[in-house]
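Structure at a glance
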There are 2 protein chains.
Amino acid sequence: MTYRTHNLGELRKEDIGKRVTLSGWVATKRDLGGLTFIDLRDREGVTQIVFPDNVSEEVAKLANEIRTEGVIKITGEVKERFSKNANMPTGDIEVFVEEMEILNNCDVLPFQVTGDENLSETIRLKYRYLDIRRNQMARNLRARHNMMTAIREYMNEKGFMDVDTPLLTKSTPEGARDFLVPSRSGEFYALPQSPQLFKQLLMVAGIERYYQVAKCFRDEDLRADRQPEFTQLDIEMSFVTMDDVMNEIEGLAKKVFAGVTGEEANYSFERMPYAEAMERFGSDKPDVRFGVELKELTDIMAGCGFKAFSGVANSGGLVKAVVAPGCAESFSRKVLGDYENYVKTYFGAKGLAWIKVTEEGVNSPIAKFFSEEEMAAILERTGAVAGDVIMILADKEKVVYDGLGALRLALGKDLDLIDKNEFKFLWIVDFPMFEWSEEEERYKAQHHPFTSIKEEDMEAFLAGEMKSVRTNSYDMVLNGSEIGGGSIRIHNQDVQAKVFKQLGLSDEEAREKFGFFIDAFKYGAPPHGGLAFGIDRWLMVMMKEESIRDVMPFPKTNKGQCLMTEAPGKVEEDQLEELFLKSTFVEETK
Amino acid sequence: MTYRTHNLGELRKEDIGKRVTLSGWVATKRDLGGLTFIDLRDREGVTQIVFPDNVSEEVAKLANEIRTEGVIKITGEVKERFSKNANMPTGDIEVFVEEMEILNNCDVLPFQVTGDENLSETIRLKYRYLDIRRNQMARNLRARHNMMTAIREYMNEKGFMDVDTPLLTKSTPEGARDFLVPSRSGEFYALPQSPQLFKQLLMVAGIERYYQVAKCFRDEDLRADRQPEFTQLDIEMSFVTMDDVMNEIEGLAKKVFAGVTGEEANYSFERMPYAEAMERFGSDKPDVRFGVELKELTDIMAGCGFKAFSGVANSGGLVKAVVAPGCAESFSRKVLGDYENYVKTYFGAKGLAWIKVTEEGVNSPIAKFFSEEEMAAILERTGAVAGDVIMILADKEKVVYDGLGALRLALGKDLDLIDKNEFKFLWIVDFPMFEWSEEEERYKAQHHPFTSIKEEDMEAFLAGEMKSVRTNSYDMVLNGSEIGGGSIRIHNQDVQAKVFKQLGLSDEEAREKFGFFIDAFKYGAPPHGGLAFGIDRWLMVMMKEESIRDVMPFPKTNKGQCLMTEAPGKVEEDQLEELFLKSTFVEETK
């Protein structure tokens, strides 16, 4: 007994005359000139089958019964097709059915799986097993498989060892919220937010080159591109410098990109310091497929007559501009007002000034505040020419960077400046070690507290200068999305102790939080570093999808629900009792 | 800056005269003739380095400071070794140190990482990062990597798609105890015991060939070879018969075995029905590297004068024997008594009869109960010859199979009948659909309730004959360990409904438990089947390890604890509050 002698993408002219057995799904069924035609589909393709006049009564009955997306097995002869279809690889032939079996019929579908109809995501997720039959998801899951294959081939070839680290592990109070797993001991496991500690311990263990495609978990309030569980490519190497890591990873990025898209990207892999990225793009993950860079005007404004600008310039703030090319005519006051509202609403800017440059000179509500020399300097610095609009923000550094960075992206999109077929990689390097937390009013490690400090900044660090200290760190950016990042770690116990201290952790607190980890470094920890990629986001960018859910087989909604299985769900009282737990849910919501 | 120009396994005679930079761990350090010698180790090997007389004072000081398992970087010249070491690939050379840097020194170790000292598992697990530096674990993790690589290469080559299924999913009341993951909605996710439902849904989705190396979770009371989280190779295929699956998987088993051991196994892959395995070996996972098969005596005993045997034989029980070859002299009454106690204690047998066969005739306390013809029949049936001992058990089927099956294994071990260098694969097929549950006094599905019934047993099934109904199922056994198993599934909704009914599940109950799953099968589910391998156990057998923990990077103890991270642990009260939970632990244990 066999279900198929050929798959549904393989029959050609050369097969004419063969008796074949085929199985698959009924993609379409139509009657034409009294004959029934079915496009039969499997994973590999589509083949047309025909029920000829002389087919047995029994088979004719089955042909009548079978519905779209039902599953059948047929046996028949390959014939030359009367009207060939050049768009189908199997378009030269059709199969004349002699025998047929209905393997499973299909009920009325909640939606059509052929065609690219725009469906609500809710119904797609509820019937994910049907959604995956559709082009978009079939293509994306195939791409995901190809991505995994490319990753593993590259890593194995380069001598990395695949080591799997535990998922039932310990809750760490730092970082995002952990998912907890109660145990019958009355204590709790936690699901890992990343295998960070384990991969560093594997370096202590002498593995030297490690990788893992790991599931990671964060119980966060979900955003469009976050999921409670996600997939991470985790990498760590011993005896390496930043350059060693980046060079190795550039090879990986090329291999993955080619494996997924079958194309070549713009593989320049420019390495841009964090400080430069912020100054030029107002972002640590700039989309460098287009210009519209931020221009520095602070020095020019320091002495100008426009108090809103000079005040900022003289009190440690920034005045910076972007230029909307060729928009002097198209940007009405309404349009400019919309952009101003955008930076005010989302980034806390106080306003957005503008200067239109025309053949006749500048046109701006604030032009009168500037001397001729100042205006000339503005034009020179921004490079604006007739037809352009200069848009200026003056505020605290963070507001200017965030606001202009976002405005730049909005202009890129609105003015159609981005070639959507281009893919451009970029490294952002040398991130600051510490970041001021407005909430907690203290410096926090921007990456995790095991990130090593650049040698040339060590003195500043030891002197307690938090702001200027940079780390041996690197993020990989693809088309304005951060797809991965990492650092060279601290391997020296003395340096680690000093970092903990600067972070306000006493020896005791550090020991309590990272006790066994600190201990491990006493026993010959090698210098090491690594990085991690967000598989889902990386794939999303490569597949040009808008939602991370469209590249995941069974994602959750942004409320953390699986619409198909209806997880999370209720559990029995005695399941909780065994775990020494009591739910307070009903009481609290009454 | 570079840490190494060569790894520590690669320098040869041809490299003499080269200036090299090496980094690694100090494996041993010794003084000889006033010079310090260090065996420097990295992942790839060991290279001897020497601190010559004329080394700088600074380097001499560092050489003095560095301790065993500390990490250093040195630069020096490759020289021909005075006393060569033919046992080391790098034994022809040594490196004369000129410069040295201590990258990290090492504290006093809790145990030596070189040598094969027998350590307590407790200390090994606590310092797993040091244990992995030792030969055994380094070798086993390398083997695990090679296993994963072989699996993926084979599966990819054969057109299987790697699809990852969620870990935060829904609790199913059937089967082992779930690990629960409370969500902030007041409801609960569960960690999957296997991706069974998802992989079948992927078949409904048209993926056709799926695989995944998946983490699975069971909150069981732990035994020697169980872990709360374990790794499973999960496979499912559409449009396949049992033979299709088994043929494909035999290729996988060969590839994995060769990839892990570098050797060839005994690749006969005999396919033995479950019933035959029970009759011949008293086990559904027989070790077929040796004989000592079970022999049927029930018919002979039915009319004999030994009431203990005839009574069993006439009331539906079994009388069966195994032969301990050449043991008539060595098996004293004490030894035979020990074996009797073994089957009594662990398997509930009432006794173990024995007959010694000697040149002079038989010698047995029960010989007097048998006629000459009966004794001749016993000898003929068992094939026992002078020098052998026949050991006989009479009881209910289960007691006889379990008792004699275990006795057979004990004899195989005690009599050294097993060639430990042999590896023998075996398929056990056609498992019974239902199993009588003594506890619940009802038939339960032996595999899961989606296993398809053999066509020839369908009539019996529909007639309600539970005991004789067999399934399209198969387990892969290697040297007496079940390493994987699976089945062809039910794809037809009518058959599925009937099975649920026979299992005592009403339509409503079935819908409540498997609702969305049953729904999916309405929309054109193809015929499909698959299987799952327990990666950890499979690897354990191939590596000839006694404990599954020795082939896992970071296992838990049999109390579910990670001695290194001290998971599970306590969590903050407010972490529980966010989940609408209250711990009752303290109160209940007071």
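Residues numbered from 1 in each chain as written. Chains lettered and ligands numbered in written order. Predicted model: local features only at pLDDT ≥ 70, side-chain atom pairs only at ≥ 80, totals over all residues. Heavy atoms only, no water.

**Considering a negative patch on the surface**
Residues Asp507, Glu508, Glu509 and Glu512 of chain A together with Glu572, Glu573, Asp574 and Glu577 of chain B make up a contiguous surface patch of negative charge. Those elements that provide at least two residues to the negative patch are α15 (507-520) of chain A together with α17 (573-578) of chain B. Of the residues forming the negative patch, the biggest block, four residues, is contributed by α15 of chain A. Within the secondary structure, glutamate 577 of chain B sits in helix α17. (Patch = residues over 30% accessible without salt bridge, like charges linked within 9 Å, V, L, I, M, F, W, Y side chains within 5 Å. Areas by Shrake-Rupley, 256 points an atom, 1.4 Å probe, with all protein chains shown as cover. Salt bridge = Lys/Arg side-chain N within 4 Å of Asp/Glu carboxyl O. Lys, Arg positive; Asp, Glu negative; His and termini not counted. Charge placed at Lys NZ, Arg CZ, Asp CG, Glu CD. Helix = DSSP H or I, 4+ residues; strand = E, 2+ residues; numbered from the N terminus.)

**Concerning the sheet that holds strand β2 (residues 35-42) of chain A**
All names here are of chain A. Taking strand neighbours around the barrel as the criterion, the five strands line up as β1-β2-β3-β5-β4 in a closed arrangement whose pairing is mixed. Between one strand axis and the next, the sheet turns by 55° as a mean value, whatever way the strands run. As paired elements, strand β1 (residues 19-32) and strand β4 (residues 71-80) share seven bridges and run antiparallel to each other. Bridging from a neighbouring strand, serine 23 pairs with lysine 73 of β4. Lying over the sheet, helix α1 (residues 57-65) contacts β1, β3 (45-51) and β5 (93-104), oriented at roughly 75° with respect to β5. (Pairing = 2+ DSSP bridges. Axes fitted to C-alpha atoms, helices over the stretch in contact; angles between N-to-C directions. Contact = heavy atoms within 4.5 Å.)

**Quick word on the interface of chain A and chain B**
Size of an interface, as often reported, equals the accessible area lost when the parts are brought together. Counting from both sides, the interface comprises 115 residues of chain A and, opposite them, 115 residues of chain B. For the pair chain A and chain B, the summed buried surface comes to about 10,300 Å²; carbon and sulfur atoms form 60% of the total. In terms of surface lost to chain B, no three residues of chain A exceed Arg43, Phe239 and Tyr523 of chain A, which account for 8% of the buried area on that side. Connecting chain A to chain B are 14 salt bridges. One salt bridge in this structure joins aspartate 164 of chain A and lysine 215 of chain B, with 2.7 Å as the shortest N-O distance. Counting across the chain A and chain B interface gives 60 residue pairs in polar contact (both at pLDDT 80 or more). (Buried area = accessible area lost by both parts, 1.4 Å probe. Polar contact = N/O pair within 3.5 Å; in protein donor to acceptor, adjacent residues only side chain to side chain.)

**Some points on the UniProt feature "binding site: ATP" (unreviewed entry) in chain A**
Residue and element names in this part refer to chain A. Per the UniProt entry, the sites bearing "binding site: ATP" (unreviewed entry) are Arg218, Asp219, Glu220, Gln227, Glu482, Gly534, Ile535, Asp536 and Arg537 in this numbering. Structurally, glutamate 482 can be placed in strand β21 (residues 481-488). Sequence-distant contacts of glutamate 482, defined by excluding residues within four places in its chain, comprise Lys285, Asp475, Met476, Val477 and Arg537. With respect to the helices, strands and loops of the structure, arginine 537 is situated in helix α16 (residues 535-542). With a relative accessible area of 18%, arginine 537 lands in the buried category. (UniProt positions renumbered as here; feature names shortened; annotations may be inferred. Buried < 20%, exposed > 50% of the residue type's maximum accessible area, 1.4 Å probe, protein only.)

**Considering the packing of aromatic side chains**
Residue and element names in this part refer to chain A. Across all of its chains, the model carries 64 aromatic pairs over all chains by this definition. Pairing phenylalanine 434 with phenylalanine 461 gives two aromatic rings, centres 6.2 Å apart and planes at 15°, and the pair type is stacked. Taken together, the residues phenylalanine 434 in strand β18 (residues 434-437) and phenylalanine 461 in helix α13 (residues 458-462) connect sequence positions 27 residues apart. Judged by its relative accessible area of 1%, phenylalanine 461 is buried. Here the aromatic cluster, defined as three or more aromatic residues joined through ring pairs, consists of Phe257, Tyr267, Phe269, Phe423 and Phe425. Note that lysine 356 overlies the ring of tryptophan 354, its terminal NZ or CZ placed 5.7 Å from the centroid. Directly above the ring of phenylalanine 290 sits arginine 408, whose terminal nitrogen or CZ lies 4.0 Å from the centroid. (Phe/Tyr/Trp six-rings, centres within 6.5 Å; stacked < 30°, edge-to-face > 60°. Lys NZ or Arg CZ within 6 Å of the ring centre and 35° of its normal.)

**Quick look at the relation of the copies chain A and chain B**
After a rotation of 180° and a shift along the axis of 0.0 Å, chain A superposes on chain B with an RMSD of 0.1 Å. Taken together, the turn and the small shift mark the pair as related by a two-fold rotation axis. (Least-squares fit on C-alpha atoms with pLDDT ≥ 70 in both.)

**A closer look at the side chain of aspartate 287 of chain A**
Residues and elements named next belong to chain A. Mapped onto the elements of the fold, aspartate 287 is located in the loop between α7 (274-281) and β12 (295-296). Residue class for aspartate 287 comes out buried when judged on its relative accessible area of 5%. Of note is the side chain of aspartate 287, whose polar atom sits 2.7 Å from the side chain of arginine 289. For aspartate 287, the residues in contact, after removing those within four places along its chain, are Arg408, Leu409, Ile418, Asn479 and Gly480.

**Focus on α16 of chain A**
Residues and elements named next belong to chain A. In terms of burial, α16 is a largely internal element, eight of the eight residues being buried. Restricting attention to buried positions, one finds in α16 the residues Ile535, Asp536, Arg537, Trp538, Leu539, Met540, Val541 and Met542. On the buried face of α16, the contacting elements are α4 (135-157), β10 (229-238), α6 (242-261), β20 (473-478), β21 and β22 (528-534). Immediately downstream of α16, the backbone of lysine 544 shows phi near 55°, a positive value.

**Focus: the packing of helix α5 (residues 196-204) of chain A against α15 of chain A**
Residues and elements named next belong to chain A. Where α5 contacts α15, the axes come no closer than 10 Å and their chain directions differ by 20°. Taken together, the axis directions place α5 and α15 in an arrangement best described as roughly parallel. Of the two possible hands of crossing, α5 and α15 adopt the one that is left-handed. Mapping the contact onto sequence places Leu197, Gln200, Leu201 and Val204 in α5 and Phe516, Phe517 and Ala520 in α15. Class assignment for the residues of the contact of α5 with α15 results in six nonpolar, one polar and no charged. (Parallel < 35°, antiparallel > 145°, perpendicular 65-115°, else oblique. Left-handed = near helix turned anticlockwise from the far one by under 90°. Nonpolar A, V, L, I, M, F, W, Y, C, P; charged D, E, K, R; others polar.)

**A short note on the sheet that holds strand β4 (residues 71-80) of chain B**
Each strand in a sheet pairs with another by means of backbone hydrogen bonds, the pair being arranged parallel or else antiparallel. Residues and elements named next belong to chain B. Overall, mixed pairing links the five strands, which are arranged β1-β2-β3-β5-β4 in a closed barrel. For this sheet the average axis-to-axis angle between neighbouring strands, irrespective of direction, equals 55°. Examined bridge by bridge, strand β3 (residues 45-51) and strand β5 (residues 93-104) share two bridges and lie parallel to one another. The residue bridging valine 50 from the neighbouring strand is phenylalanine 96, located in β5. Its contacts with the sheet put helix α1 (residues 57-65) on β1 (19-32), β3 and β5, and the angle it makes with β5 is roughly 75°.

**Regarding the packing of α6 of chain A against α16 of chain A**
All names here are of chain A. In contact at an axis separation of 11 Å, α6 and α16 are set at 55° when each is read in the N-to-C sense. Compared by their axis directions, α6 and α16 come out oblique. The chirality of how α6 crosses α16 is right-handed. For the pair α6 and α16, contact is made by Leu252, Ala253, Val256, Phe257, Val260 and Thr261 and by Trp538, Leu539 and Met542, respectively. Across the contact of α6 with α16, the residue classes tally to eight nonpolar, one polar and no charged.

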